[in-house]
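# Fold and geometry: a report
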Amino acid sequence: MPKKKLKIGLVDADLLCNGTRHPNLVLMKLAGFLNDNGIDFKLIIDQDEDITPYKLIYISRVFTFTQMPAFYENATPAQKRKFRRGGTGFYANELNVNIYRQKRDDDMTQLERDEFLCQYPNHRGGPRKNGIDLARQMPYYHLYDSFVDRKVAEGFKRDKYKDYQQYSIGFLTRGCIRHCPFCINKLEDKIFPYSDLEWFLDEERDEQGRLVRPYIYLWDDNFLAADPAIWRAKLQQLINTGRPFQFRQGLDERMLAQSPHGEEMAEMLSKTKYHGDFIFAFDNWKDRPLIERALKIWKHYNPQKGTKFYLFCGFKQTEQGYQKFYRDIWEIFQRIKVLMTYGCVGYLMRHEDYHNAPISNLYIQIARWCNQQAFYKKMSFWEYSYRNQTFWEQGAGFEVLKPVKPYEEFLRDYETGYYDREDSRGKVRKICKTLQTLLDTLEMFPEHREELLEMFNYKMSNLNDPKLWE
Ligand code: SF4
């Protein structure tokens, strides 16, 4: 009798829960290992998948808020034994440091210890004979093809899914030295070389001989804080490929000011074929002096390059924590002010704790403004909020005389009943949710009203000052 063929299921739980647009690198590497060994596998993209034919199912989850798929929740105890679970989504919010350390260590090594995988040879070189070597394993870049094809069949543009199709993906280094309390790398103490570029650089070409995946994106945690010999050599390798690349988690701008090689970093990066905006992080307001020193160096070498900063916020917010909430909002706008001054854009990264904030919707509204460059570069947060009001009024058929008005004028109109007055149709305007959120914030903090209004009116065209780096 022929041996029954093994079938392995791979599950990107974040994808099934609609929570991501990033392909899951571990799953792609796992698929690469299975492919190397001729083992049948499939990316499961249906909540109600019949799991009977699978010998094993590997589920990866990056975000703690991701719901597990229905076929997992509904599995019988016997079926549950088929599942192998892993990823930061299973432990990132663990508060006990010792438990966190244990869970992270287990998670980071479990695939390389996996009994099933260890029955098969490693085809990717290095000292390991059997089982997967995650650093050396070439990802299987077609893993998400069925998902993308389905989305295209549903009417979405293929281009929307380019992260799944056009990039070689990997970590050149791993680790960090910063110990940010909100980060999965909080217990790391060093940065070490991880994959060589050729271990994940895809060479597939189409019929015309063009690279199918012409771009590279890197998941490195803190590339620039690595030993200079490491980042310099790896950056040169990236440049030598001639392919546009991008560090998706952002680069640590502070290193430009802290490292004796900061100018060399800025100059070398200025000569690269960088893909999209350069992304850095400005997570803590207390780093302002460092960030400003670094920005002067950066802008000197890269005066015209699009530069974006992740702005972490929302951490440890609670329903009654009014002062902590105010401080967080204040720090967001102060960081934005610095960035606008240096002609850079911000991108709000909200910790999931923002849901607990006294006015959680304020984070959503600031992100809608800040994270869309067309708004951020052209209007203040106040103007953005009032334009939302105008948009609502026009949509509801009201006559709008001024699409945007200063706060004082709005207040005068508000107090004289402009927004309560019936129009010729007998209809009354209402205040849209964006504007109402801003007004609720002003009402919550009467003692900070002037300061809030000043911050809500920060505008790039007024603040940008090239003299700072020229
Ligand atoms: S610098 Fe970045 S990678 Fe390092 S601990 Fe902080 S958030 Fe994490």
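Analysis parameters
Residues numbered from 1 in each chain as written. Predicted model: local features only at pLDDT ≥ 70, side-chain atom pairs only at ≥ 80, totals over all residues. Near = placed C-beta within 6 Å. Nonpolar A, V, L, I, M, F, W, Y, C, P; charged D, E, K, R; others polar. Pairing = 2+ DSSP bridges. Helix = DSSP H or I, 4+ residues; strand = E, 2+ residues; numbered from the N terminus. Axes fitted to C-alpha atoms, helices over the stretch in contact; angles between N-to-C directions. Buried ≥ 20, exposed ≤ 12 C-beta atoms within 10 Å, placed from the backbone. Contact = placed C-beta atoms within 7 Å. Domains from an automatic or database assignment.

Next up on the list: the site of the ligand. Close to the ligand lie Cys176, Arg178, His179, Cys180, Cys183, Asn185, Lys186, Asp221, Asn222 and Asp252, which account for all nearby residues. Looking at the shell around the ligand, its residues break down into 3 nonpolar, 3 polar and 4 charged.

If you walk across this open sheet you meet the 3 strands as β10-β11-β12, and the pairing is parallel. Each having just a single partner strand, β10 (278-281) and β12 (345-350) make up the two edges of the open sheet. Shown here is a sheet whose adjacent strand axes are inclined to one another by a mean of 30 degrees, direction ignored. In terms of strand pairing, strand β11 (residues 307-313) meets β12 through 6 bridges, oriented parallel. Each residue of the ladder has a partner; that of Cys313, found in β12, is Arg350.

Our next topic: the environment of Tyr215. By the secondary structure assignment, Tyr215 is in strand β8 (residues 215-218). Given 19 C-beta atoms within a 10 Å radius, Tyr215 is considered partly exposed. Residues Tyr215 and Asp202, 13 residues apart in the sequence, show an inter-C-alpha distance of 9.4 Å. Aside from chain neighbours lying at most four places away, what touches Tyr215 is Gln166, Tyr167, Arg243, Pro244, Phe245 and His275.

Here we come to the domain arrangement of the protein. Assigned domains within the protein: domain 1 (1-165) and domain 2 (381-468). The C-alpha-based centres of domain 1 and domain 2 are spaced at 47 Å.

Let us now look at the sheet that holds strand β5 (residues 167-170). Strand order across the open sheet formed by 3 strands is β5-β8-β9, with parallel pairing between neighbours. Every other strand in the sheet has two partners, leaving β5 and β9 (245-247) as the edge strands with one partner each. The mean angle between the axes of side-by-side strands here comes to 15 degrees, regardless of whether they run parallel or antiparallel. Alignment of β8 against β9, held across 3 bridges, turns out to be parallel. Directly across from Leu218, in β9, lies its bridge partner Phe247.

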